[in-house]
Amino acid sequence: MSNPAGRAQWHSGIGFILAAAGSAVGLGNIWKFPGRAYEGGGAAFLIIYILIVAVIGSTVMLAEFTLGRHTKKNVIGAYAQIGSKWKPFGILGITTGFIINCYYIQVGGWVMYYVFSYLFNAAAVYADPQGYFLNFLGAGSFPVLGAIVCPMIFAALAAFVITRGVSKGIERFNKVGMPILFILLIALAIRSVTLPGAAEGVRYMLTPNFAMVTFDTWLAALGQAFFSLSLGMAIMVTYGSYVKKEENLAKNTALICVVDTTVAFLAGMIIVPAVFAAGLTPGKGGSFAFISLAAVFENIPGGAFFGVLFYLLLFFAAITSCISIMEGTVAAVTEQKNISRNKATIGIVTTSFLIGILYTVSQASMNIKGIWWDFTNGLTFPVFGDFMEYLTDRLLIPINALIGCILVAWVWGTKKAIEEVRQGGNFPFKLAGLWSFSAKFIAIIAIATILVMGLFMGRALS
Ligand code: PHE
């Protein structure tokens, strides 16, 4: 099928790879992966993670790409084309993306603030890292900077790129942003591994300590792989729908997985050695990145400079992911409701920004017993912040990935999906048999396991 008249396309193969890699490389790679690798026995975790990405993650990613390119539609349209009763699940996918977008915008704003904090005021961060962060989140007052000003600038930047269009906006931005991200990553890794006392951290990351591997390690690696590869968020179906038929989807999927995993590994080589050198223990998540790391930068010669580079790295990782998740929703609203791209973008960005304010307020009121705490009786908002992440990470992402996989493997059929990759013999796709088996059985069982364990066994996967 040719491209529907006027529908956007990636200009080049490399543009598509960089955009999809930009989506995959996000905060998850930089502030979650290193901590998980540390807990999972260094290289032992890495080996397990690579295995999971190779067998399961890449399978689901290719499924999402083929569905997108075959239908040339946003996720709602794509699901509906395969079978009209699947449409509600497309809507669920978009809803998931929208919820994640709400809090990602907020965290993106915090990251930006920290670039400037290290640039102009590193001494204040060092003096009281926790106090500095909590103050930013509005100690005792409404967090104007943390919930409004910074997230608004971040959201406006992402929205601007999206309104420029798929090729002229998203593709161009990633073509510049991703190389910058790689340079920052390598510069920081070199700084980290050459610090006095870093050798032990490097050794830790390169030595497989299988004694630390438990069932939970496998679950954590699975959850990490899905989040990190941006699966089950309506992103890769949308990005796949802009790919030309002359592109080798199987090869590109492999490349994107390799880039994402390499970035995660390099982030591990930044965090773990530097944290070891400072005599601390690697952690993960926002409080680790915004609070604990201050002690590391404080002890490095020229630490404020490397702090700026580190938060810039987080900024590029976050904004390229944010753009991708916004685009999933924008494409759906634009095509399903026949609304212009600009109007759809402005509407979606504004609503997700407004809802997202509650996320920051919630995080703030969980930590600071100020007027918001009193106002909400210490209850309403705190529940909100955790609830958003719980809902998406534990429930919606695995459900979407599962439905997507069932839809492609069993309803549409792996034969047709393989033909979509092969394009009448233009591309060999030697691993088609393996992919088909993985999509039909292994991936589905693995995702169902994450879902059940996360929901009923209360295991933390995110
Ligand atoms: N892959 C992203 C990450 O690792 C996940 C994500 C994508 C989150 C898009 C938000 C938006 O952080």
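Everything that follows concerns the structure shown earlier in this document.
Residues numbered from 1 in each chain as written. Predicted model: local features only at pLDDT ≥ 70, side-chain atom pairs only at ≥ 80, totals over all residues. Heavy atoms only, no water.

**Description of a nonpolar patch on the surface**
- On the surface, L51, V55, W218, W410, V411, F437, F441, I442 and I445 cluster together into a nonpolar patch covering about 830 Å² of accessible area.
- Mapped by element, the contributors of at least two residues to the nonpolar patch are α3 (43–71), α18 (380–422) and α19 (432–456).
- Element by element, the count of residues in the nonpolar patch is highest for α19, at four residues.
- Position of I442 among the secondary structure elements: in helix α19. (Patch = residues over 30% accessible without salt bridge, like charges linked within 9 Å, V, L, I, M, F, W, Y side chains within 5 Å. Areas by Shrake-Rupley, 256 points an atom, 1.4 Å probe, with all protein chains shown as cover. Salt bridge = Lys/Arg side-chain N within 4 Å of Asp/Glu carboxyl O. Helix = DSSP H or I, 4+ residues; strand = E, 2+ residues; numbered from the N terminus.)

**Focus on the site of the ligand**
- A24, G28, Y104, F227 and S228 are the nearest of the 16 residues found near the ligand.
- Between A24 and the ligand, the recorded distance is 2.8 Å, taken from a backbone N or O atom to a nitrogen atom.
- Expressed as a share of its isolated accessible area of 320 Å², the protein-covered part of the ligand is 100%.
- Here the ligand is seated within the largest cavity.
- Secondary-structure elements contributing two or more residues to the shell around the ligand are α1 (13–24), α2 (27–39), α5 (87–120), α11 (215–228) and α15 (303–337).
- Of the residues belonging to the shell around the ligand, the class tally is eight nonpolar, eight polar and no charged. (Near = heavy atom within 4 Å. Polar contact = N/O pair within 3.5 Å; in protein donor to acceptor, adjacent residues only side chain to side chain. 1 Å grid on protein atoms, 1.4 Å probe; cavity = no way out; pocket = protein on both sides within 12 Å on 5 of 7 lines; lining within 4 Å. Sits in = over half its atoms within 2 Å of the grid points. Nonpolar A, V, L, I, M, F, W, Y, C, P; charged D, E, K, R; others polar.)

**Focus on the layout of surface pockets**
- Estimates place the volume of the second largest pocket at around 520 Å³.
- Together, 21 residues line the second largest pocket, and A54, S58, A250, A254 and L431 are the ones closest to its centre.
- Only α3, α13 (249–277) and α19 provide two or more residues apiece to the lining of the second largest pocket.
- Class assignment for the residues of the lining of the second largest pocket results in 13 nonpolar, six polar and two charged. (Points joined across faces, edges and corners; volume = space filled by probe spheres on them.)

**Here's the deal with the side chain of S228**
- Inspection of the secondary structure assignment puts S228 in helix α11.
- Look at S228 and you get buried, because its relative accessible area is 2%.
- Among the polar contacts listed, one links the side chain of S228 to the side chain of N29, at a separation of 3.2 Å.
- Once you skip the residues sitting within four places of it in the chain, S228 turns out to touch A24, N29, Y49 and D260. (Buried < 20%, exposed > 50% of the residue type's maximum accessible area, 1.4 Å probe, protein only. Contact = heavy atoms within 4.5 Å.)

**So, the packing of aromatic side chains**
- The full count for this structure, using the stated rule, is 40 aromatic pairs.
- With 6.2 Å between their ring centres and 70 degrees between their planes, Y114 and F133 make a pair best called edge-to-face. Separated by 19 residues along the polypeptide, Y114 in helix α5 and F133 in helix α7 (residues 129–136) bring together distant segments of the chain.
- Their ring planes at 70 degrees and their centres at 6.5 Å tell us that Y114 and F136 sit as a pair that is edge-to-face. In this pair, Y114 is assigned in helix α5 and F136 in helix α7, connecting sequence segments 22 residues apart. (Phe/Tyr/Trp six-rings, centres within 6.5 Å; stacked < 30°, edge-to-face > 60°.)

**Brief notes about helix α10 (residues 199–206)**
- Every buried residue belonging to α10 is among G201, V202, Y204 and M205, and all of these are buried. Projection of α10 onto a plane perpendicular to its axis shows the buried side chains occupying an angular sector of 160 degrees, all on one side. Exposed residues lying more than 90 degrees from the buried face of α10 are E200, R203 and L206. (Arc of directions from axis to C-beta.)

**A look at the nonpolar core**
- Judged by nonpolar contacts, the single largest core of 163 residues is most densely connected at Y114, Y118, F310 and Y311.
- Residue contributions to this core peak at 19 residues, all from α15.
- Excluding anything up to four places from it in sequence, Y114 contacts V125, P129, Y132, F133, F136, F290 and Y311. (Core = buried A, V, L, I, M, F, W, Y, C linked by side-chain atoms within 4.5 Å.)

**Let's talk about the packing of α1 against α13**
- Close contact between α1 and α13 brings their axes to 9 Å; oriented N to C, the two are set at 40 degrees. As the angle between them shows, α1 and α13 are arranged oblique. Between α1 and α13 lies a crossing of right-handed hand. Where α1 abuts α13, its residues F16, I17, A20, A21 and A24 lie against L249, N252, L255, I256, V259 and D260. (Axes fitted to C-alpha atoms, helices over the stretch in contact; angles between N-to-C directions. Parallel < 35°, antiparallel > 145°, perpendicular 65-115°, else oblique. Left-handed = near helix turned anticlockwise from the far one by under 90°.)

**Quick look at α3**
- Between the first and last C-alpha of α3 there are 40 Å, a value that for 29 residues agrees with the 42 Å anticipated at 1.5 Å per step.
- Along α3, the sharpest kink reaches roughly 45 degrees, centred on V53.
- For α3, the tally of buried residues reaches 23 of 29 residues, placing the bulk of the element in the interior. (Expected span 1.5 Å × (residues − 1). Bend = angle between axes of the 7 residues up to and from the residue.)

**Quick look at the pattern of salt bridges**
- Tallied over the full model, the rule gives six salt bridges.
- Where E420 meets K245, a salt bridge forms, and the shortest distance between an N and an O atom there is 3.1 Å. Of this pair, E420 sits in helix α18 while K245 sits in the loop between α12 (235–240) and α13, placing them 175 residues apart in sequence. Comparing E420 with K245, the two get one shared label, buried.
- Members of the salt-bridge network, linked through shared partners, are R69, K245 and E420.

**Considerations on empty space enclosed by the protein**
- Under the definition given, this model contains six cavities of 30 Å³ or more.
- Approximately 130 Å³ is the volume found for the largest cavity.
- Lining the largest cavity are 16 residues, with S23, Y104, S230, M233 and S321 sitting closest to its centre.
- Residue composition of the lining of the largest cavity, by class: eight nonpolar, eight polar and no charged.

**So, the environment of D393**
- Mapped onto the elements, D393 comes out in helix α18.
- Taking C-alpha positions, D393 is 18 Å from T360, a pair spaced 33 residues apart along the chain.

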